[in-house]
Amino acid sequence: ASPCSLPSDPRPAMTRRVLYLMVLALAMEFSSAAKRKSGLGVLILEKASVCPVKAKLGDQLKVHYEGRLKDGTVFEETFKIGRTTDITLGSSSVIKGWEEGLQGMCVGELRRLTVPPKLGYGDEGKSGKVPPGATLVFEIKMVAINDRYLHQIEAEAAEQEEAAAAAVELVLAKRAGERDSPYCDACNTYVEEFFESWIVMLQQQQDKVTTQDGGSRAPALTYNDDTELMVQSFCSNKTVGRIANSQFASFVRPACERIMLGHKREIVGTFLGSELAGKNVPDRKDQICADMVKACPHSNGVVVSGQCNYCQASIQDIAFEFRRRSPRPESKIEEEVYEVIRYICMRSYYRHRQKASSLQDYCDDIVDEYTKDIAEQVLSTIKGKQTWGDAERNICVDITESCPSS
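Here we summarise the structure given alongside this text. Counting of residues starts from 1 at the beginning of each chain's written sequence and follows it residue by residue. Residues qualify for local features only when their pLDDT is at least 70, as the model is predicted, and side-chain atom pairs are given and counted only at 80 or more; totals for whole chains, interfaces and linings, by contrast, use all residues. The side-chain figures draw on all heavy atoms in the structure; neither hydrogens nor water molecules are used.

What to know about the overall build of the chain
What counts as a helix is a DSSP run of H or I of at least four residues, what counts as a strand is a run of E of at least two, and both are numbered from the N terminus. The secondary structure content of the chain amounts to 11 helices and 10 strands. The burial tally for the chain puts 42% of its 406 residues in the buried class. Here, residues are in contact when the closest pair of their heavy atoms is within 4.5 Å. The contacts of the chain with a sequence gap of at least 6 include a subset with a gap of at least 24, amounting to 66%. Computed by Shrake-Rupley with a 1.4 Å probe, the accessible areas treat only the displayed protein chains as cover when residues are assessed. Looking at the chain as shown, the accessible area adds up to about 22,200 Å², and 53% of this sits on carbon and sulfur atoms. Partly exposed residues are those whose accessible area sits between 20% and 50% of the maximum for their type, while under 20% is buried and over 50% is exposed, using a 1.4 Å probe and protein chains only.

A few points about a negative patch on the surface
Grouping into patches uses exposed residues only, defined as over 30% relative accessible area, and leaves out salt-bridged ones; the cut-off is 9 Å for like charges and 5 Å for nonpolar side chains (Val, Leu, Ile, Met, Phe, Trp, Tyr). Should a side-chain nitrogen of Lys or Arg be within 4 Å of a carboxyl oxygen of Asp or Glu, the pair is scored as a salt bridge. In this charge count, Lys and Arg are treated as positive and Asp and Glu as negative; neither His nor the chain ends contribute. A charged residue contributes its charge at one atom only: NZ of Lys, CZ of Arg, CG of Asp or CD of Glu. Side chains of Asp-361, Asp-364, Asp-365, Asp-368 and Glu-369 sit close together on the surface and give a patch of like negative charge. Considering the arrangement of structural elements, one finds Asp-368 in helix H10 (residues 358-382).

Quick look at helix H3 (residues 150-173)
Expected span of a helix, by definition, is 1.5 Å for each gap between consecutive residues, and there is one gap fewer than residues. Taking 1.5 Å per residue as the helical rise, H3 with its 24 residues ought to reach 34 Å, and the 34 Å between its terminal C-alpha atoms agrees with that figure. Looking at H3, one finds that the buried residues are Ile-153, Val-168 and Leu-172.

A word on unusual backbone geometry
Even without a glycine there, the phi angle at Asp-147 is positive, about 65 degrees. When you line up the elements, Asp-147 lands in the loop between strand S7 (136-145) and strand S8 (148-149). On the basis of relative accessibility, which here comes to 52%, the residue Asp-147 falls in the exposed class. Look at Asn-300: it is not a glycine, yet its phi comes out positive at around 60 degrees.

Some remarks on the packing of aromatic side chains
In this analysis, rings of Phe, Tyr and Trp, with Trp reduced to its six-membered ring, are considered paired at centre separations within 6.5 Å, and the interplanar angle assigns stacked below 30 degrees, edge-to-face beyond 60, and tilted for intermediate values. Evaluation of the coordinates by the stated rule reveals 14 aromatic pairs. With a centroid separation of 5.6 Å and 80 degrees between ring planes, the pair formed by Tyr-190 and Phe-234 is classed as edge-to-face. One end of the pair, Tyr-190, is in helix H4 (residues 182-208); the other, Phe-234, is in the loop between helix H5 (225-233) and helix H6 (252-272), and 44 residues separate them in sequence. The burial state of Tyr-190 is the same as that of Phe-234; both residues are buried. Aromatic rings pair up to connect Tyr-190, Phe-194, Trp-198, Phe-234 and Phe-271 into one cluster. The criterion is that NZ of a Lys, or CZ of an Arg, lies within 6 Å of the ring centre and within 35 degrees of the ring normal, and then a charge sits over that ring. A cation over an aromatic ring shows up here: Arg-258 above the ring of Tyr-183, its NZ or CZ 4.9 Å from the ring centre.

Some details on the state of the cysteines
Here, the term disulfide refers to a pair of cysteine sulfur atoms separated by no more than 2.5 Å. All told, the structure shown has 7 disulfides when counted by the stated rule. Each sulfur in the disulfide pair Cys-187 and Cys-289 lies 2.1 Å from the other. Between Cys-187 and Cys-289, the S-S dihedral sits near -95 degrees, and the bridge is therefore left-handed. Within this pair, whereas Cys-187 is found in helix H4, its partner Cys-289 is found in helix H7 (residues 281-292), the two being separated by 102 residues in sequence. Judged by relative accessible area, which is 0%, Cys-187 ranks as buried. The disulfide that involves Cys-311 links it to Cys-396, with 2.2 Å between the sulfurs. Judged by the sign of its S-S torsion, about -95 degrees, the bond between Cys-311 and Cys-396 is left-handed. You can see Cys-311 sitting in helix H8 (residues 307-323) and its partner Cys-396 sitting in helix H11 (residues 388-399), a full 85 residues away along the chain. On the basis of relative accessibility, which here comes to 0%, the residue Cys-311 falls in the buried class. You can call Cys-396 buried: its relative accessible area is 1%.

Looking at the nonpolar core
Judged by nonpolar contacts, the single largest core of 37 residues is most densely connected at Tyr-190, Phe-194, Phe-234 and Ile-288. No other element matches H4, which puts 10 residues into this core. Beyond its immediate chain neighbours, meaning those up to four positions away, Tyr-190 contacts Phe-234, Ile-243, Cys-256, Ile-259, Met-260, Ile-267 and Ile-288. Residues enter a nonpolar core if they are buried and are Ala, Val, Leu, Ile, Met, Phe, Trp, Tyr or Cys, with the set joined through side-chain atoms within 4.5 Å. By size, the runner-up hydrophobic cluster in this structure holds 27 residues, among which are Ile-341, Ile-344, Leu-359 and Leu-379.

What to know about the side chain of Gln-354
As for its placement among the helices and strands, Gln-354 is situated in strand S10 (residues 353-354). With a relative accessible area of 15%, Gln-354 lands in the buried category. In this structure the side chain of Gln-354 is engaged in a polar contact, spanning 3.1 Å, whose partner is the backbone oxygen of Ser-348. We call two N or O atoms a polar contact when they sit within 3.5 Å, provided that within protein one can donate a hydrogen and the other can accept it, with sequence-adjacent residues counted only if both atoms are side-chain atoms. Separated by 2.8 Å, the side chain of Gln-354 and the backbone nitrogen of Leu-359 make a polar contact. Leaving out residues up to four positions away in the same chain, Gln-354 has contacts with Val-303, Val-304, Ser-348, Tyr-349, Leu-359 and Gln-360.

Here's the deal with H8
Taking 1.5 Å per residue, 17 residues should reach 24 Å; H8 reaches 24 Å between its end C-alpha atoms and fits that length. Those residues of H8 not exposed but buried are Tyr-310, Cys-311, Ala-313, Ser-314, Ile-315, Asp-317, Ile-318, Ala-319, Phe-320, Glu-321 and Phe-322.

Take a look at the structure:
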């Protein structure tokens, strides 16, 4: 043999492979946990089903755990004997790695803690079990926090979810069928957001498909996998549409799910069979929200015209924006009001039937000239000092003089 060659390994190839995989797995185990500044590695192996309560200093905890050395030797465990370990977090009754690593855990969660010697048993080790300077791995299951077990927490969460759902149903039933009712606002939001997502999906199809007829026209919209994904996950997927965002009030998403459950295929048909133009959205709202869902009154094809109607429609759009939005912290309200006013005119073209862009042009003019006055009226309304009807009269009659005073 060459003097530079290594002696051959007498063990069978399969045995060597198994040993290699075991070493590799052990190395991954020690390296995969996210390390904190202290040197503690924390890896969540199983998330809790619900997590209304997280472990903090001072809490009474019940845990199951398995502790092992770097070579895989188990030195302590409670899973097999079926008896939990009880600790008070922060009382120094356990090693520092546990004191840090258990904070923020949820009942039902399983974590792996990779504990360096300085956060474990240090240079002394633990007599008969842990050698000096040992790095330790613990898999820890949180069984209870302050005597609250997973089944109790899940039951409480289910009750709260049922109560929230019942509350939403009551909200959606309130004045159902009226123009500014919650269900009507939610349905109008649904149609606008569905239209925008549909346009984005169409653009994606155009980017993917080779232009038909040698480039003479854009590809026809087909109901393919992309379309199905958008439709199926529209109410819940933030990357598909905005319905699931926290921006909208709590009743918007449940209303979306109710509408899709009862009328999904009909709605898809209305979009597949119509010209995809913003000017047609008011017709889609009548078809879906008035005729199918019965959430709103029918507009009867009314076209908005004249300065007074333009002004009233613009203020009604602002009111709609705030009715469908989730509440904001008081410190953020003024900022939000100006944000809404700045872009409100951009959506008027698919919220109202109008001649050309006359409503949008008028809206732009009054916003440019009276932004501060309009903002003051909107703020006063949001704070409960007046109604939206009062704001509309003040803005359209007194401030802009778009409507007659009588």
